Amino acid sequence: MKNVKTLTLIAAAVAAMTTGTVQAEQYYGFANVSVNYLDWSDGTEDRSRDIQNGFGAKSDFVYIEVEGGAGYNWGDVYGFIDFENPNNLNWSEDQDDPSKQFRIAAKGSVAVNMGESNWNYYGHIYSLSDSSGFYEQNIVLGVSYDINTDFGLWVKPFLGAHILNNPNNAGFNGGMAGWVLGYNFKLAGQDFMVTNWNEIEFARDDHARGFCNSVTCTGLGDAGWQKTNGDSTGINGAVALWWNATKDFTLGVQYRYADQKLGTAAYQNAAIFTAKYNF
């Protein structure tokens, strides 16, 4: 059921990205499919398994991503869907290591212009579900701002209220601030781009920082409290370098980072190697 909900959200996001109306003027659009390999550092794998009795353990994985976005005279939309560990559709073979389970992750975002200003009404939803039945949805509702330059740099910072929904918690979970940015440049006659997305969660609800795994535990600080995201603040993001080898083909390498996030109360980092086909 959770995977069905995820796919429904994805279908809506794809429809928004690929369908324009007669009244809407489209400024840009893109779509691609990619194959990716995420390689967690050895330290990350060790910390994720040792600190929390294996909860939130990390393992390297392959994922297939479909991504797209578009900009209109009313605002812009963006979305992706990731199929992680697509080779492990039968999770029953890997129950001793949940980090190797099949997962679907998807995100959709929309920014609607506030009149003629650079301010936007902003919202995004990120949904994760896996073959064990776990799911989580993160919704952010707030504002964003568009910064564009004539030398190839663009930045879109945002700030909003954070709403969390998973089997253990549902409701307000503080706030989220962040940005996405890109810089296009040429080197030796080749087209390159640097991108960075970054999310900072703050003022988290205590129940979103862990869970009780004993009958005597009543909450944060009690014996039997299992940390997951740990602190009241967490960070999540990636820095990437892209080489647009041709208009159809892009290669990239990313530095993935997170702290007090992704189910692990510690710093985590990985390298992601990507090959994209651009439509």
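Residues numbered from 1 in each chain as written. Predicted model: local features only at pLDDT ≥ 70, side-chain atom pairs only at ≥ 80, totals over all residues. Heavy atoms only, no water.

Caption draft 1: Fine view of the overall build of the chain. Along the chain, the regular secondary structure elements total two helices and 15 strands. Within the chain, the proportion of its 279 residues that are buried is 43%. Residue pairs at least 24 apart in sequence account for 52% of intrachain contacts in the chain once pairs closer than 6 positions are excluded. Element-wise, carbon and sulfur atoms account for 61% of the exposed surface of the chain, whose accessible area totals about 14,300 Å². (Helix = DSSP H or I, 4+ residues; strand = E, 2+ residues; numbered from the N terminus. Buried < 20%, exposed > 50% of the residue type's maximum accessible area, 1.4 Å probe, protein only. Contact = heavy atoms within 4.5 Å. Areas by Shrake-Rupley, 256 points an atom, 1.4 Å probe, with all protein chains shown as cover.)

Caption draft 2: A look at the packing of aromatic side chains. Applying the stated criterion across every chain, the model contains 10 aromatic pairs. Ring geometry for Phe185 and Phe192: centres 5.6 Å apart, planes at 15°, overall stacked. Judged by its relative accessible area of 23%, Phe185 falls in the partly exposed class. Taking relative accessible area as the criterion, Phe192 reaches 17% and is therefore assigned buried. Taken together, Phe30, Tyr78 and Phe80 form an aromatic cluster joined through their ring pairs. Geometry around Phe61 places Arg103 over its ring, the cationic atom sitting 4.9 Å from the centre. For the cation-ring pair, Lys276 lies above Trp242, with the distance from its terminal atom to the ring centre recorded as 4.0 Å. (Phe/Tyr/Trp six-rings, centres within 6.5 Å; stacked < 30°, edge-to-face > 60°. Lys NZ or Arg CZ within 6 Å of the ring centre and 35° of its normal.)

Caption draft 3: Local environment of helix H2 (residues 42-50). Listed in full, the buried residues belonging to H2 are Thr44, Glu45 and Ser48. Looking straight down H2, one finds its buried side chains confined to an arc of 100°; they lie on one side. Across from the buried face of H2, at angles greater than 90 degrees, the exposed residues are Asp42 and Asp50. The elements touched by buried residues of H2 are strand E1 (26-40) and strand E15 (264-278). (Arc of directions from axis to C-beta.)

Caption draft 4: Structural context of the side chain of Ser34. Within the secondary structure, Ser34 sits in strand E1. A distance of 3.0 Å separates the side chain of Ser34 from the side chain of Asn36, its partner in a polar contact. Each residue touching Ser34, except ones within four places of it in the same chain, is listed here: Tyr63, Ile64, Glu65, Thr274, Ala275 and Lys276. (Polar contact = N/O pair within 3.5 Å; in protein donor to acceptor, adjacent residues only side chain to side chain.)

Caption draft 5: A look at the pairing of E1. Two strands pair when backbone bridges link them, and E1 and strand E2 (residues 61-72) are joined in this way by 12 bridges, in the antiparallel orientation. Considered in E2, the bridge of Gly29 is made with Ala70. (Pairing = 2+ DSSP bridges.)

Caption draft 6: Geometry of the nonpolar core. Core analysis: the biggest nonpolar cluster contains six residues, these being Leu38, Trp40, Phe61, Tyr63, Ala270 and Ile272. Taken together, the elements giving at least two residues each to this core come down to E1, E2 and E15. Not counting chain neighbours up to four residues away, the residues in contact with Trp40 comprise Glu45, Lys58, Ser59, Asp60, Phe61, Leu262, Gln268, Asn269 and Ala270. Of all hydrophobic cores here, the second largest spans five residues; its members include Ala111, Tyr122, Val140 and Met176. (Core = buried A, V, L, I, M, F, W, Y, C linked by side-chain atoms within 4.5 Å.)

Caption draft 7: Inspection of the pattern of salt bridges at higher detail. Taken as a whole and judged by the stated rule, the model has nine salt bridges. The partner of Lys156 in a salt bridge is Asp146, with the nearest N and O atoms 3.0 Å apart. Here Asp146 lies in the loop between strand E6 (135-145) and strand E7 (147-148) and Lys156 lies in strand E8 (residues 153-165), a separation of 10 residues in the sequence. Relative accessible area serves as the criterion here: at 23%, Lys156 is assigned to the partly exposed category. The salt bridge partner of Lys247 is Asp248, with a shortest N-O separation of 3.2 Å. Under the relative-accessibility criterion, Lys247 is labelled exposed at 72%. Here the residues in one salt-bridge network are Asp76, Asp146 and Lys156, joined through shared partners. (Salt bridge = Lys/Arg side-chain N within 4 Å of Asp/Glu carboxyl O.)

Caption draft 8: Structural view of unusual backbone geometry. In the Ramachandran plot, Ala188 falls in the positive-phi region, its phi being about 55° despite a non-glycine side chain. Checked against the element boundaries, Ala188 lands in the loop between strand E9 (170-187) and strand E10 (190-202). The exposure class assigned to Ala188 is exposed, which follows from its relative accessible area of 77%. Positive phi is not limited to glycine here, since Gln260 has a value of about 55°. Here Gln260 shows up in strand E14 (residues 249-261).

So yeah, pure geometry; function would need other evidence.
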